[in-house]
Amino acid sequence: GAGVSQSPSNKVTEKGKDVELRCDPISGHTALYWYRQRLGQGLEFLIYFQGNSAPDKSGLPSDRFSAERTGESVSTLTIQRTQQEDSAVYLCASSFNIGSVEQFFGPGTRLTVL
Amino acid sequence: AQSVSQHNHHVILSEAASLELGCNYSYGGTVNLFWYVQYPGQHLQLLLKYFSGDPLVKGIKGFEAEFIKSKFSFNLRKPSVQWSDTAEYFCAVTLGSYIPTFGRGTSLIVHP
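Residues numbered from 1 in each chain as written. Chains lettered and ligands numbered in written order. Predicted model: local features only at pLDDT ≥ 70, side-chain atom pairs only at ≥ 80, totals over all residues. Heavy atoms only, no water.

1. Let's talk about the state of the cysteines
All names here are of chain A. So the rule is basically this: By disulfide we mean two sulfur atoms from cysteines, separated by a distance within 2.5 Å. Helix numbers and strand numbers start at the N terminus; a helix is a DSSP run of H or I with at least 4 residues, a strand a run of E with at least 2. Only protein chains enter the accessibility calculation, which uses a 1.4 Å probe; a residue is then buried when its area is under 20% of its type maximum, exposed when over 50%, and partly exposed in between.
This structure, assessed with the given rule, holds two disulfides over all chains. Bridging Cys23 to Cys92, the disulfide has an S-S length of 1.8 Å. Its S-S torsion of approximately -65° makes the covalent link between Cys23 and Cys92 left-handed. Of this pair, Cys23 sits in strand E3 (residues 19-24) while Cys92 is found in strand E8 (residues 88-95), placing the two residues 69 residues apart along the sequence. The exposure class of Cys23 is buried, given its relative accessible area of 0%. For Cys92, a relative accessible area of 0% puts it in the buried group.

Here's what the structure looks like:
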């Protein structure tokens, strides 16, 4: 596609439910990144993929968070047993490869946990 | 751990006023520096970047930023802002790993 897309654009869920967020990177981009942006805060790095591999998962805030990527394309970020503090905008970005420092961002998914 | 500070969280200007947004980072080694912008309802996009060479970097839409190594700073400037510059501005720094650390952002409102 022309840019990075994310779905859903908005998600409202109840505390304790699981949610799955999707990111479609720019075609041909091998590197994919997930960030979280809480209200009034900067972007918090969560995880990145080089191809289908995630070498660094240390940014994931807890074991309730997981991510996977298949086929060097779509990635999903899953949050299990959501908590109110998980409410944030989740941004996905992609780049040509991990050495390409310019990242292209998607529109984000706004997650609200009630 | 590396940190990035943006001192101005909210800036309100009138059109034609000059703009300077501060960005300071905590690490003294070799860094790559970025400014990203998010216009209302749009994606985050790259405004300008510094890797090496001339410390004064020109970006899109008349923006520029100056890397001052001794001050660990990468301030964003524009001599005359326009209403269309209303946006959220983020400073980011990478240190070797290519994963940027972002500042918390500065909200700029320009009144026509």
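Structure's up, so let's keep going.
2. Observations regarding the confidence of the model for chain B
Caution is warranted with low-pLDDT regions, since their predicted coordinates should not be read in detail. Just so we agree on the cut-off: The predictor's confidence in any single residue is recorded as pLDDT, a number from 0 to 100.
Confidence in the prediction for chain B averages 91 pLDDT; 96% of positions are at 70 or higher. Ranking the elements of chain B by mean pLDDT puts strand E11 (residues 101-102) of chain B last, at 88, and strand E3 (residues 19-21) of chain B first, at 97.

3. Focus on the packing of aromatic side chains
Stated formally: The criterion for an aromatic pair is that two Phe, Tyr or Trp rings (for Trp, the six-membered ring) have centres within 6.5 Å, with stacked assigned to planes under 30 degrees apart, edge-to-face to planes over 60 apart and tilted to the rest.
Summed over all chains, the structure comprises 13 aromatic pairs over all chains. For the pair Phe63 of chain B and Tyr89 of chain B, a centre-to-centre distance of 5.6 Å together with 45° between the ring planes defines the contact as tilted. Taken together, the residues Phe63 of chain B in the loop between strand E7 (56-58) and strand E8 (64-68) and Tyr89 of chain B in strand E10 (residues 87-94) connect sequence positions 26 residues apart. Residue Phe63 of chain B shares its accessibility class with Tyr89 of chain B, and that shared class is buried. Counting every residue linked through ring pairs, the aromatic cluster contains Tyr33, Tyr35, Phe45, Tyr48 and Phe105 of chain A together with Phe34, Tyr36, Phe51 and Phe102 of chain B.

4. Comments concerning the pattern of salt bridges
As a reminder of what qualifies: What makes a salt bridge here is a side-chain nitrogen of Lys or Arg within 4 Å of a carboxyl oxygen of Asp or Glu, nothing more.
Per the counting criterion, the structure on display carries eight salt bridges over all chains. For the salt bridge of Arg22 of chain A with Asp24 of chain A, the shortest nitrogen-to-oxygen distance reads 2.8 Å. Taken together, the shared-partner salt bridges connect Lys58, Glu64, Glu66 and Arg77 of chain B into one network.

5. Looking at the sheet that holds strand E7 (residues 75-79) of chain A
All names here are of chain A. The criterion, for reference: The pairing criterion is simple: DSSP has to find at least two bridges between the two strands. For every element, the axis is a line fit to its C-alpha atoms; helices are fit only across the contacting stretch, and the angle between N-to-C directions ranges from 0 to 180 degrees.
Read across the sheet, four strands follow the order E1-E3-E7-E6 without closing on themselves; strand pairing throughout is antiparallel. Each having just a single partner strand, strand E1 (5-7) and strand E6 (65-69) make up the two edges of the open sheet. Averaged over all adjacent pairs, the angle separating strand axes in this sheet is 15°, with direction ignored. In this sheet, E7 lies alongside E6 in antiparallel orientation, the contact comprising five bridges. Looking across to E7, one finds that Arg69 is bridged to Ser75.

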